[in-house]
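# What the coordinates show
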Amino acid sequence: MKSAYIMQKEIRESILTPKGFIWYILTSIILSVLSYLFLTNSELSLLDQGQMLYLIMNFITALGVLIGLVFGADAFAGEMERGTLEALLISPLNKMEIALGKLGAAVTNWGIIFVISLPYLFVVGKGGQNVLIGIVYLAVLGTLLAVIFSAFSMGLSARIKSMKNALITSFFLFLLAGSPIFLSTAIRGTWFGSILDFINPFADAINTFDSVVIDSQGFSYQAGRVAIICGYTLLSLWFLKRSLSKLEM
Amino acid sequence: MIINVENLIKNYDGHTALDGLNFGVDEGDIFGFLGPNGAGKTTTIRILTAIIKADSGNVLIDGHDVFKEPLAVKKIINALPESNGYYEWMTAQEYLGFFSHLYDEKQSIQESDKLLVDVGLRGKEKHLIRSYSRGMKQRLGIARALINKPKLLFLDEPTNGLDPKGRRDIHDLLIALNHKHGTTIFLSTHLLDDVERLCNKIAIINYGKIVRTGELDKMKGKGTIEDLFFLSTKEGAL
């Protein structure tokens, strides 16, 4: 219950301070530009609706992960640097309650980004197949990814105790997660590429969107990748719990 | 005894912060905890308020073991840390409201306003904290530390950086709190006139050990508190 008050405080902070609000504005601007290009640019408009939708979904997922990382890195190290953490730790709630409140706020921020993106998804995907099921997959997998990356970043924030260093390490994690995207199709086709793709939660989500939206494949094709993402969610929460036990002022 | 500390040891990366600390504080005391910078004052407060764990030793707060029942301890204590930060985007009223929820103290706006009046922030309840001066923030910190009507209040250098009037006001506030509500105050400071004005008992810590403890008047004898401090911490200042 007390986690709810922490979450409420964090969400208010996101809305009332530039820290979070800038993300919403940025999301709207970038989605507007992307959608406009998809619909008006002569080359991009040659893509079919499914491919456009898939690309926008990738972008929204990446943004959700990025926001999770930033909020996670700020969670403990940022409060420590601003001198506000000690008053929270003196209060009669345990560290996990504080972390869950902050995690809830990070996921809510992802939720806000998702809601902002809905009209764009409908406009870009209009007339194409699998729009609704694609959006459902985006909601579920995006939420799980927001939990995974926020919790990892929050754990790092509790261990490293420096917001700058926690943020740098988290960004490195983000690049590592996105690395399969930068690999050539040939490398991705090898056993090495396939393993890298399979064990990477971000790539798993992207490949699931591809499979659902473009290839119109059913859940049985996605189950393995979804299970991996669920596994990472549990792993990230375990990592957060372990990191909190090491949190000292 | 409201605080009973036995053989407390804490090491940080090979450096001994507390080296077998022993002392006790009686209920109703204003207890001065003195020592040079780096002597172990803040570490002691952080252990006593269940923020960090000691490597070994025992701490009882009002009969509760700090290491085994941290939540029970946190409900009856509160503290103002040395470098307390604030959610500057909140108003003072919102700030107290937030912390009262964490303590399950369903404080009405009138109650938190009264607390703000008590610490001298009348008329500033709805101002953003970012517009507050350092002294006003310190008063707000004390109001936050009183939100759960604590039996035991830890203050770490509460008058640091305040002008003489600000310091005098904080002194008056603490004396009133102790006399009216019987709140035990554990005051960590290196400002000797704060101790002289407020405390009935003191302990002097140096290199992580208590070098002297007892009633202030008896310990001073005919000398001054400065003599007592410098004699006790001759080689301790860092």
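What counts, and where the lines are drawn
- Residues numbered from 1 in each chain as written.
- Chains lettered and ligands numbered in written order.
- Predicted model: local features only at pLDDT ≥ 70, side-chain atom pairs only at ≥ 80, totals over all residues.
- Heavy atoms only, no water.
- Helix = DSSP H or I, 4+ residues; strand = E, 2+ residues; numbered from the N terminus.
- Rg over C-alpha atoms; globule rule 2.2 N^0.38 Å.
- Buried < 20%, exposed > 50% of the residue type's maximum accessible area, 1.4 Å probe, protein only.
- Contact = heavy atoms within 4.5 Å.
- Areas by Shrake-Rupley, 256 points an atom, 1.4 Å probe, with all protein chains shown as cover.
- Lys, Arg positive; Asp, Glu negative; His and termini not counted.
- Charge placed at Lys NZ, Arg CZ, Asp CG, Glu CD.
- pLDDT = per-residue confidence, 0-100.
- Buried area = accessible area lost by both parts, 1.4 Å probe.
- Salt bridge = Lys/Arg side-chain N within 4 Å of Asp/Glu carboxyl O.
- Polar contact = N/O pair within 3.5 Å; in protein donor to acceptor, adjacent residues only side chain to side chain.
- Nonpolar A, V, L, I, M, F, W, Y, C, P; charged D, E, K, R; others polar.
- Pairing = 2+ DSSP bridges.
- Arc of directions from axis to C-beta.
- Phe/Tyr/Trp six-rings, centres within 6.5 Å; stacked < 30°, edge-to-face > 60°.
- Core = buried A, V, L, I, M, F, W, Y, C linked by side-chain atoms within 4.5 Å.

Of the regular secondary structure elements, chain B holds 9 helices and 10 strands. Relative to the compact-globule value of 18 Å for 238 residues, chain B shows a C-alpha radius of gyration of 18 Å, a close match. In chain B, which comprises 238 residues, the share counted as buried stands at 55%. Within chain B, contacts between residues separated by at least 24 positions form 68% of all contacts whose residues are at least 6 apart in sequence. For chain B, the accessible surface area stands at approximately 10600 Å², while carbon and sulfur atoms represent 49% of it. Both charge centroids of chain B, one from 31 positive and one from 32 negative side chains, sit 3 Å from each other.

Turning to the confidence of the model for chain B, a few remarks are in order. Summary statistics for chain B give a mean pLDDT of 89 and a share of 97% for residues scoring 70 or more. Interface predicted TM-score (ipTM) for the complex: 0.89; the corresponding pTM is 0.88.

Looking now at the interface of chain B and chain A. In this complex, chain B contributes 27 residues to the contact, which on the side of chain A involves 24 residues. For the chain B and chain A pair, buried surface summed over both sides reaches about 2500 Å², with 64% attributable to carbon and sulfur atoms. Applying the counting criterion to the chain B and chain A interface returns 2 salt bridges. Ionic pairing is found between arginine 46 of chain B and glutamate 86 of chain A, a salt bridge with its closest N-O pair at 3.1 Å. Our enumeration of links across chain B and chain A arrives at 7 residue pairs in polar contact (both at pLDDT 80 or more). Secondary structure elements with two or more residues in the side of chain B that touches chain A: strand E1 (3-12), helix H2 (70-76), strand E6 (77-80) and helix H3 (92-102) of chain B. Ranked by the residues each element gives to the side of chain B that touches chain A, the list is headed by H3 of chain B, at 5 residues. When the residues that make up the side of chain B that touches chain A are grouped by side-chain class, the tally is 14 nonpolar, 5 polar and 8 charged.

To continue, consider the environment of alanine 139 of chain A. Residues and elements named next belong to chain A. Tracing the backbone shows alanine 139 in helix H6 (residues 131-160). A residue is classified by how much of its surface remains accessible, and alanine 139, at 23% relative accessible area, is partly exposed. A C-alpha to C-alpha distance of 9.5 Å links alanine 139 and tryptophan 110, two positions 29 residues apart in sequence.

To continue, consider the pairing of E1 of chain B. The two faces of a sheet get side chains in turn, since along a regular strand they alternate between them. All names here are of chain B. In terms of strand pairing, E1 meets strand E2 (residues 15-25) through 8 bridges, oriented antiparallel. The residue bridging tyrosine 12 from the neighbouring strand is histidine 15, located in E2. Taking the residues between adjacent antiparallel strands as the criterion, E1 and E2 are bridged by 2 residues, where aspartate 13 takes a positive phi near 45 degrees. In terms of strand pairing, E1 meets strand E4 (residues 56-61) through 5 bridges, oriented antiparallel. Bridge pairing links isoleucine 3 to isoleucine 61 in E4.

Before going further, it helps to spend a moment on the pattern of salt bridges. Inspection of every chain in the model, using the stated rule, returns 20 salt bridges over all chains. Here lysine 151 of chain B makes a salt bridge to aspartate 62 of chain B, at a shortest N to O gap of 2.9 Å. Remark: aspartate 62 of chain B occurs in the loop between E4 and strand E5 (64-65) and lysine 151 of chain B occurs in the loop between helix H5 (134-145) and strand E7 (152-156); sequence separation between them is 89 residues. Judged by its relative accessible area of 33%, lysine 151 of chain B is partly exposed. Looking at aspartate 62 of chain B, the relative accessible area reads 26%, which means it is partly exposed. A salt bridge links arginine 197 of chain B to aspartate 172 of chain B, with the nearest nitrogen and oxygen atoms 2.9 Å apart. Residue arginine 197 of chain B is located in helix H7 (residues 192-198), and its partner aspartate 172 of chain B is located in helix H6 (residues 164-181); the two are separated by 25 residues in the primary sequence. Members of the salt-bridge network, linked through shared partners, are Lys9, Glu10, Glu13, Glu79 and Lys102 of chain A.

Turning our eyes to something else, we now look at helix H9 (residues 225-232) of chain B. Residues and elements named next belong to chain B. Considered for burial, the residues of H9 that qualify are Ile225, Leu228, Phe229 and Ser232. Each buried residue of H9 sits inside an arc of 95 degrees when the element is viewed along its axis, so together they form one side. Turned more than 90 degrees away from the buried face of H9 sit Phe230 and Leu231, all of them exposed. Contacts made by the buried residues of H9 are with strand E3 (30-34), H7, strand E9 (201-206), strand E10 (209-215) and helix H8 (216-220).

Within the fold, threonine 44 of chain B resides in helix H1 (residues 41-48). A relative accessible area of 0% places threonine 44 of chain B in the buried class.

Quick look at the side chain of arginine 139 of chain B now. Inspection of the secondary structure puts arginine 139 of chain B in helix H5. Among residues more than four places away in sequence, those in contact with arginine 139 of chain B are Val119, Gly120, Leu121, Gly166, Asp169 and Ile170 of chain B.

Now for the packing of aromatic side chains. Residues and elements named next belong to chain B. The tally for this structure, following the rule as stated, stands at 15 aromatic pairs over all chains. Both rings, one in phenylalanine 31 and one in phenylalanine 186, keep their centres 5.6 Å apart while their planes meet at 25 degrees; by these two values the pair is stacked. Of the two residues, phenylalanine 31 sits in strand E3 while phenylalanine 186 sits in strand E8 (residues 184-189), which places them 155 residues apart along the sequence. Phenylalanine 186 shares its class with phenylalanine 31; the two are buried. Each residue in the set Tyr86, Tyr87, Trp89, Tyr95, Phe98 and Phe99 is aromatic and connected to the rest through ring pairs, giving one cluster.

Ranked by internal contacts, the top residues of the largest apolar core, which has 101 residues, are Ile3, Phe23 and Ile61 of chain B. A total of 6 residues in this core trace back to one element, the largest contributor, which is H3 of chain B. Apart from the residues lying within four places of it in its own chain, the contact partners of phenylalanine 23 of chain B are Ile3, Asn4, Val5, Phe31, Phe33, Thr44, Leu48, Phe186 and Ile210 of chain B. Counting 48 residues, the second-largest nonpolar core is a separate cluster that includes Val70, Leu141, Leu145 and Ile206 of chain A.

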